[in-house]
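One letter stands for each residue in the lines below.
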Amino acid sequence: MNSYEDVFKAIELIYSATGLQSAVSAFADGSSVTLPSEIEVLYSDNIVTGDIDLNDIIDISDLTELSLALIGDKELTAVQQKAADIDGDGSVTLADLARLQQYLSKKIDKL
Ligand SMILES: [Ca+2]
Ligand SMILES: [Ca+2]
């Protein structure tokens, strides 16, 4: 982790780039910074659509994760929600699950 000042500089940059008003908290020793989930998504360059458990492979376990999230047994992080929105309509629904299922059963060849 960079110095306290560096962290704040980075946060300022992110703020000016995004205009987000969400709260950002940084601990005085600079060891821990909590960024709003929107920023987490913006700055995650490795989101793979359909890879909901974020292990770089799209398989049946992602389908399980998505199912659990849809029935409310599991909370998805902002990054996971982005990965789970397979049809890209901005929300995670049964349509995304259906699409992932079709992909895994090879009825469609890409997500
Ligand atoms: Ca996965
Ligand atoms: Ca969707």
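What counts as what
- Residues numbered from 1 in each chain as written.
- Chains lettered and ligands numbered in written order.
- Predicted model: local features only at pLDDT ≥ 70, side-chain atom pairs only at ≥ 80, totals over all residues.
- Helix = DSSP H or I, 4+ residues; strand = E, 2+ residues; numbered from the N terminus.
- Buried ≥ 20, exposed ≤ 12 C-beta atoms within 10 Å, placed from the backbone.
- Contact = placed C-beta atoms within 7 Å.
- Core = buried A, V, L, I, M, F, W, Y, C linked by C-beta atoms within 7 Å.
- Axes fitted to C-alpha atoms, helices over the stretch in contact; angles between N-to-C directions.
- Parallel < 35°, antiparallel > 145°, perpendicular 65-115°, else oblique.
- Left-handed = near helix turned anticlockwise from the far one by under 90°.
- Nonpolar A, V, L, I, M, F, W, Y, C, P; charged D, E, K, R; others polar.

Peer 1: How should I be thinking about the overall build of the protein in this particular structure?
Peer 2: Scanning the protein from terminus to terminus reveals five helices and two strands. Burial status across the protein gives 15% buried among its 111 residues. Across the protein, the fraction of contacts at a sequence separation of at least 24, relative to all contacts at a separation of at least 6, is 47%.

Peer 1: Just to check I follow, could you spell out unusual backbone geometry for this structure?
Peer 2: Peptide bonds are trans in most cases, and residues, glycine excluded, mostly fall at negative phi. One non-glycine residue, Leu-54, adopts positive backbone phi at about 55°. For Leu-54, a count of 16 C-beta atoms within 10 Å puts it in the partly exposed group. Here Asp-56, not a glycine, exhibits a phi torsion of approximately 70°, which is positive. Relative to the helices and strands, Asp-56 is located in the loop between helix H2 (37–42) and helix H3 (60–70). C-beta crowding within 10 Å serves as the criterion here: with 8 such atoms nearby, Asp-56 is assigned to the exposed category.

Peer 1: Can you walk me through the nonpolar core in this structure?
Peer 2: Ile-52, Leu-66, Ala-83, Ala-84, Ile-86, Val-92 and Leu-100 form the largest nonpolar core, which has seven residues in total. Setting aside residues no more than four positions away along its own chain, Ala-84 makes contact with Ile-52, Leu-66, Ala-69, Leu-76, Val-92 and Asp-96.

Peer 1: Got a minute to help me understand the environment of Ala-69 in this structure?
Peer 2: Here Ala-69 is to be found in helix H3. A sequence separation of 23 residues divides Ala-69 from Val-92, and the C-alpha atoms of the two residues are 8.9 Å apart. Beyond its immediate chain neighbours, meaning those up to four positions away, Ala-69 contacts Lys-74, Leu-76, Ala-84 and Val-92.

Peer 1: Got a minute to help me understand the packing of H3 against helix H5 (residues 94–104) in this structure?
Peer 2: Two packed helices can be described by the angle between their axes and the distance between those axes. In the contact formed by H3 and H5, the axes pass within 10 Å of each other and the chain directions differ by 165°. On the basis of their axis angle, the class for H3 and H5 is roughly antiparallel. The element H3 and its partner H5 pack so that their crossing is left-handed. Here Ile-60, Asp-62, Leu-63, Leu-66, Ser-67 and Leu-70 of H3 lie close against H5, whose contacting residues are Leu-94, Asp-96, Leu-97, Leu-100, Gln-101 and Leu-104. Of the residues in the contact of H3 with H5, the class split is eight nonpolar, two polar and two charged.

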